[in-house]
Amino acid sequence: MLKTTLTAAAALALTTGLASAQSAWTGGDDLPTSPLACDGTPATPASVAYDGGEPTNPPDRNGKSITVVDVPKLIGIGYFDATSKGIAEAAKEMGTMTATTDGPVEANIDDQITVIDNYITKGVDGILFAANDPVAISPVLKKALAAGINVVGYDANSEPAARQWFVNQAEFNGIAKAMIDSLVAEAGDDASFAIVTSTFTTPNQARWIAEMGAYAAACHPNLKWLETVEAQEDNILSFNQANTLINKYGDELKGILGMTSVATPASADAVTQAGQCGKIAVVGLATPNAMKPYVEADCVKSVVLWNPVDLGYAAAFVLRAAADATLKPGDTSVKAGKLGDLSVINGSEILLGAPFVFTKENIGEFDF
Amino acid sequence: MTWRRLLRHETILALLVLLALFVLDRQSDKFFTLDNLFNQGRLMTEVGLVAIVMTFVIITGGIDLSVGSILGMTAILIGVFWKNLGLPLPVAIGLGLVVGTLAGVANGIIITRFRVPPLIATLGTLALYRGIAEGVSQARSVRGYPEWFYVLGQGQLLGVPTQLWIFGIAAVVAAALLGWTTCGRTTYAIGSNEVAARFSGLSVDVTKVAIYAASGLAAAVAAAIFVSRVSTTRSDMGTGIELDAITAVVLGGTSIFGGRGTIVGTLLGLVLIQALKNGLSLAGVKSDGTVVLIGAVLILTILLSNLFHRDQNR
Amino acid sequence: MTESTEFRAHRSGPARCVSAYGQEIVIACALVALFVVVSAINPRFLGANNVNTIVSGNAYIAVAAIGMSMIIITGHIDVSVGALIGVLATISGTLAVSGYPVWVAWTLPILIGAAINGVVGALVAYGRLPSIVVTLGMLSILRGGLVFVTGGAWINNLPPSFQLAQARLLGVPVPIWFMLVLTIAAFLWMRNTAFGRSLYAIGGNAEAARAAGIPVERRIVQVFMIHGAFAGIATMLFATQLKIIQSTVPPNLELTIITASVIGGVSILGGTGTVIGSTLAAVLFAAIGSAMIFVNVSAYWLRAVIGLLILVTVLVDMARRNREFRGSQR
């Protein structure tokens, strides 16, 4: 018994020891970062050839009514509820599109692939998607293209050749700049901050964090990046993780960055309940409804996001244009209903616009 | 345990499957096409392989909750062996299969040598193996596999999806093993009454370890197929597959208390679930509705079957 | 291989106490050891705020584990409890924003949880379905049903009076009160009432219990209902922690709860274990999670460490049982 306990304890200690080989952040996807200029002068976009995929022998859908399915990462979080609303709004405005939102109940690549596969078999005219994994989703999307279906992505990209167009809510480096600038504005140029994200592998989050690191290193070198913790898409876990960070660093922690619409309100709640409002800045990506109580209490000064309703709306219009063949490879802009003209960047991406910062003044105007 | 009694559950199930297929066919003309059926077979293979071996595990009265984690761990290790260690891909895959089998052997040893109940042992290894997958991969994916590898998961062999051949062979071998060999009869004996089996001189422990090792191997093969199908590795692959497999096995008539079950039943269970998932979607039911229905079907089928087996109160 | 008090009778008082509560003592020791070690590395670990975060923030797991322990003691299991809590949380939040008094939003889920699990219990007891199968099916039904009914929308705009978990009574956070009071009450009840002891009997040997006159089927339904009620109480703490309620099922919650019960000494073979063990284990897990951040252990290895911990605990426990079993045969 004693022997067993001792061996067990030794094993545990060994594992923990090995596991101690850590760094603050080992996520990311090895892609090069391209931080924006510190004063906000937009970078001149390099013109890139069209690199999207093409449907094989699509039927002529110009002007006809089309059925579209929207497959987000998962159903059940406010963000995709909002994009779904935007798509429905666009479909109603167009009058020639029937859109359904159907997705996995967990953010799981296999389930998402199965859903898309079923709709390919069923026979839809268009697929809108937000990918759980850019590479894993590509085979099934290529299958959709081969079946003559129009494929347009939003929020989370796939490989370029697997879809025709991708509606990008904001450039990765634009989001990074907005986040870091907001943090600096609130906590100062030499603040120590920590990050709460979903998982280290979620592609968008990983890119944003990498870009944030590059931008901070270039323009605010005195910022101190303490740690990044994972909290999946669970708000209680995010809350507990944020609390642990506050407890661990005490006065040293001056800011928390929330990388998902789940992490940011939970972190704000942690800061509020710990009585640290005003002492710890909370900046992050979140939907306005979730953040209203904190913004109104002056605990959170700015919430960075884009308008996900607009994102869904734009994606639906892009799909319509692609189906009608009014948007062709090589075009430099597309008309997206009430949003006007959106520009084409990076070959086959369509930019929604600059990130939007919600503050106390304007947050009341939004309901999503 | 006569053939007649066994047959009753499988017959009910077979009738249910036929009924489901018929109804779903009426709802959508795209359901019963060869293309669709092959496609569904392709999607079903990973769960299917795991479920086939899970049948053996559950017949012995045990359970293996760690198959999903073994799948994830093997997938990550294949990527690590290939990319980080630079081994040629076939060697990496082979090594991955070895690791998966060893993980199963570890399960077996914890269960037989240390007498830990299978539910708890595999609960612990579920966390451990998934943790190893996350730790080793450091949350990075491995991509960019050579084209020939994708034939396994996305290609065809003589007109039939590649993985379906593997699945078919596995099903036939498993059914033969279970129905006609000493190994199979030992499996049933262990499930019916382990103590009696042991005193009868049957090599209970060796069989159990072998079964759990096979479970690990099945998960590893499923991992290779999965990676080939989605062309990437992720540390969260396979989460939840154990519940899908157990659902299929139990639906197929295998008693969770052990001693009863057939491969044919498991196959019918798999077909029913996949048919529902696919057919309902084609008929316009969304994912959440399908999930609810499958849960309801599981409970109802077992309830129905129990009503016919009143005397089997274990 | 079940233990009975007979085998321990030949030991003297303190030794019997230790062997009867061996598992609980091991966990308590592990907890103390963890605190000592981590505080040496970073003293803030022992700070009042952090202890509060660890215990109060995860008290709902301990409360749910009380109900789960009872289920496991009778020899059954419930893998749908996580989904149940998710559903009850949404119901609770919806009631609150729809203008019902706060206490209704808090207590109605308890009744609903008991009702839903009562159905499960009836299927298990009278339908003679294995509990793992029924709860597997129920898991799917609840998870899909939740998304189906809510359409994925979150619940915002909760009235501030709803935040029960943030309140304090005599300076101690409400969740901690819940956890302590319920654990002690359940422990005493399980040990000293006929009902409680009948659960151990059913888990030990259902046929013998039936022969002894215990209404086995009725007890099983009752214990499932109680477990559902505990899930409802856990929801009171879970849903009132933050200003938002998600409409997704918290990932892996049922596994955490089951693991807490099992590590806490409740034998999956049925018949032994106490709720004190499961509460201690729930706190231990939370403490480990927090400790990993404090000690800068790479977050990626967290799950591996937990898995190893489970296995180690179980192996030690089994070794102890094997030795006792063999030892008592002299």
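Analysis parameters
Residues numbered from 1 in each chain as written. Chains lettered and ligands numbered in written order. Predicted model: local features only at pLDDT ≥ 70, side-chain atom pairs only at ≥ 80, totals over all residues. Heavy atoms only, no water. Helix = DSSP H or I, 4+ residues; strand = E, 2+ residues; numbered from the N terminus. Buried < 20%, exposed > 50% of the residue type's maximum accessible area, 1.4 Å probe, protein only. Contact = heavy atoms within 4.5 Å. Pairing = 2+ DSSP bridges. Axes fitted to C-alpha atoms, helices over the stretch in contact; angles between N-to-C directions. Buried area = accessible area lost by both parts, 1.4 Å probe. Salt bridge = Lys/Arg side-chain N within 4 Å of Asp/Glu carboxyl O. Domains from an automatic or database assignment. Polar contact = N/O pair within 3.5 Å; in protein donor to acceptor, adjacent residues only side chain to side chain. Nonpolar A, V, L, I, M, F, W, Y, C, P; charged D, E, K, R; others polar. Core = buried A, V, L, I, M, F, W, Y, C linked by side-chain atoms within 4.5 Å. Patch = residues over 30% accessible without salt bridge, like charges linked within 9 Å, V, L, I, M, F, W, Y side chains within 5 Å. Areas by Shrake-Rupley, 256 points an atom, 1.4 Å probe, with all protein chains shown as cover. Expected span 1.5 Å × (residues − 1). Parallel < 35°, antiparallel > 145°, perpendicular 65-115°, else oblique. Phe/Tyr/Trp six-rings, centres within 6.5 Å; stacked < 30°, edge-to-face > 60°. Lys NZ or Arg CZ within 6 Å of the ring centre and 35° of its normal. Right-handed = clockwise from strand over helix to strand, strands pointing away.

> Describe the side chain of Thr74 of chain B, and please don't skip the residues or the numbers.
Residue and element names in this part refer to chain B. By the secondary structure assignment, Thr74 is in helix α3 (residues 67-84). Take Thr74: its relative accessible area is 0%, and that puts it in the buried class. Apart from residues lying up to four places away in sequence, Thr74 is in contact with Gly96, Leu97, Gly100, Ala220 and Ala223.

> Go over the sheet that holds strand β14 (residues 356-358) of chain A, please, and point to the residues and values.
Within a beta sheet, neighbouring strands are joined by backbone hydrogen bonds and run either parallel or antiparallel to one another. Residues and elements named next belong to chain A. Judged by pairing direction, the sheet is mixed, and its six strands sit side by side in the order β7-β6-β8-β9-β10-β14 without closing on themselves. The open sheet has two edge strands, β7 (224-230) and β14, and neither has a second partner. Strand-to-strand twist of the sheet, defined as the mean angle between neighbouring strand axes without regard to direction, takes the value 20 degrees. Two elements, strand β6 (residues 192-197) and β7, share six bridges in a ladder whose sense is parallel. Within β7, the residue paired with Ile195 across the bridge is Thr228. Relative to strand β9 (residues 281-285), helix α5 (residues 172-187) is tilted by about 165 degrees, and along the sheet it contacts β6, β8 (255-258), β9 and β10 (303-305).

> Outline the interface of chain C and chain B, supporting the account with residue identities and numerical values.
When the parts come together, some accessible area is lost, and that loss is often what is quoted as the size of the interface. Taken together, the contact pairs 40 residues of chain C with 41 residues of chain B. The contact between chain C and chain B buries some 3500 Å² in all, and 81% of this surface belongs to carbon and sulfur atoms. Of all residues in chain C, the largest losses of buried area upon contact with chain B belong to Tyr300, Arg303 and Leu311 of chain C, amounting jointly to 17% of the total for that side. Inspection of the region where chain C meets chain B yields zero salt bridges.

> Can you lay out the domain arrangement of chain A for me, pointing to particular residues and giving the numbers?
Residue and element names in this part refer to chain A. Partitioning chain A into structural domains gives domain 1 (66-170 + 307-353) and domain 2 (172-305). Computed from C-alpha coordinates alone, the two centres of domain 1 and domain 2 are separated by 29 Å. Taken together, the contact between domain 1 and domain 2 spans 11 residues of the former and 10 residues of the latter. When the two sides are added together, the surface that domain 1 and domain 2 hide from each other amounts to roughly 810 Å², 63% of it contributed by carbon and sulfur. Area buried by domain 1 at its contact with domain 2 is led by Ile77, Tyr79 and Ala170, which between them contribute 38% of it. At the boundary of domain 1 with domain 2, the tally comes to zero salt bridges. For the pair domain 1 and domain 2, the number of links is two residue pairs in polar contact (both at pLDDT 80 or more). A per-class count over the side of domain 1 that touches domain 2 returns six nonpolar, three polar and two charged.

> Mind laying out the nonpolar core, listing which residues take part and the relevant values?
By size, the foremost hydrophobic cluster in this structure holds 223 residues, and its most contacted members are Ile85 and Ile257 of chain C. Discounting chain neighbours no more than four positions away, the residues touching Ile85 of chain C are Ala64, Ala231, Ala234, Thr235, Phe238, Leu253 and Ile257 of chain C. In terms of nonpolar packing, the next biggest core, distinct from the first, is built from 100 residues, Ile66, Ile175, Tyr249 and Leu352 of chain A among them.

> Any chance you could break down a nonpolar patch on the surface for me, citing the residues and the numbers?
On the surface, Val91, Leu95, Val98 and Leu102 of chain B cluster together to form a nonpolar patch covering roughly 320 Å² of accessible area. Relative to the helices and strands, Leu102 of chain B resides in helix α4 (residues 89-112).

> Which residues make up helix α3 (residues 109-122) of chain A, and what are the values?
Residues three or four positions apart in an α-helix share a direction because the helix packs 3.6 residues into each turn. Residue and element names in this part refer to chain A. Over its 14 residues, α3 runs 20 Å from end to end, which matches the ideal 20 Å to within 8%, given 1.5 Å per residue. Looking at α3, one finds that the buried residues are Ile109, Gln112, Ile113, Thr114, Val115, Ile116, Asp117, Asn118, Tyr119, Ile120 and Thr121. N-cap assignment for α3: the residue whose side-chain oxygen lies 3.0 Å from the backbone N of Asp110 is Asn108. Just past α3, the residue Gly123 takes up positive phi, approximately 95 degrees.

> Account for the sheet that holds strand β3 (residues 126-129) of chain A, with residues named and values stated.
Residues and elements named next belong to chain A. Reading across from one edge, β2-β1-β3-β4-β5-β13-β12-β11 is the order of the eight strands in this open sheet, with mixed pairing throughout. The open sheet has two edge strands with one neighbour each: β2 (97-101) and β11 (333-335). The sheet shows a mean angle of 25 degrees between the axes of neighbouring strands, taken without regard to direction. Pairing analysis gives three bridges linking strand β5 (residues 165-168) to strand β13 (residues 349-351), with the strands arranged parallel. The residue bridging Val167 from the neighbouring strand is Ile350, located in β13.

> Tell me what's going on with the packing of α3 of chain A against helix α2 (residues 34-59) of chain B, and back it up with residues and numbers.
Between α3 of chain A and α2 of chain B, the least distance of the axes is 11 Å, while the angle of their chain directions is 175 degrees. Taken as axis vectors, α3 of chain A and α2 of chain B run roughly antiparallel relative to one another. On α2 of chain B, the residues touching Asp110, Thr114, Asp117, Asn118 and Thr121 of chain A of α3 of chain A are Asn36, Asn39, Gln40, Leu43 and Glu46 of chain B. Of the residues in the contact of α3 of chain A with α2 of chain B, the class split is one nonpolar, six polar and three charged.

> Can you tell me about α3 of chain B, naming the residues and giving the values?
Residue and element names in this part refer to chain B. For α3, with 18 residues, the first-to-last C-alpha span of 25 Å sits near the 26 Å given by 1.5 Å per residue. The element α3 is largely enclosed, with a buried count of 16 among its 18 residues. Just past α3, the residue Gly86 takes up positive phi, approximately 75 degrees.

> Which residues make up the interface of chain C and chain A, and what values go with them?
The interface is formed by 41 residues belonging to chain C together with 51 residues belonging to chain A. In terms of surface lost to chain A, no three residues of chain C exceed Trp154, Leu242 and Ile293 of chain C, which account for 16% of the buried area on that side. In this assembly, chain C and chain A are joined by zero salt bridges. Our enumeration of links across chain C and chain A arrives at 10 residue pairs in polar contact (both at pLDDT 80 or more).

> Go over the packing of aromatic side chains with me, naming the residues and quoting the values.
Enumeration over the complete set of coordinates arrives at 19 aromatic pairs over all chains. Ring geometry for Trp208 of chain A against Trp306 of chain A: centres 5.9 Å apart, planes inclined by 45 degrees, an arrangement best described as tilted. A residue pair is termed long-range when its members are at least 10 positions apart, and Trp208 of chain A in helix α6 (residues 203-219) and Trp306 of chain A in the loop between β10 and α10 (308-324) qualify at 98 residues. For the residue pair Trp208 of chain A and Trp306 of chain A, the accessibility class agrees, reading buried in each case. Seen from their ring centres, Phe31 of chain B and Phe32 of chain B are 6.1 Å apart, and the 55 degrees between their planes marks the pair as tilted. Members of the aromatic cluster, joined through ring pairs, are Tyr79, Phe80, Phe172, Trp208 and Trp306 of chain A. The positively charged end of Lys338 of chain A is found above the aromatic ring belonging to Tyr313 of chain A, 4.6 Å away from the centroid. Over the face of the ring belonging to Phe114 of chain B we find Arg113 of chain B, whose NZ or CZ atom lies 5.3 Å from the ring centre.

> Give a description of the pairing of β7 of chain A that names residues and reports values.
Across the seven residues of β7 of chain A, five count as buried, placing the element largely inside the fold. A crossover links β6 of chain A with its parallel partner β7 of chain A, the connecting element being α6 of chain A, and its sense is right-handed.

> Account for the environment of Asn117 of chain C, with residues named and values stated.
All names here are of chain C. Looking at where Asn117 falls in the secondary structure, it is placed in helix α7 (residues 102-125). Here Asn117 falls in the buried class, since its relative accessible area comes to 1%. For the pair Asn117 and Met190, spaced 73 residues apart in the sequence, the C-alpha separation amounts to 20 Å. If we ignore the near neighbours within four places in the chain, the residues touching Asn117 are Asp78, Leu84, Phe224, His227 and Gly228.

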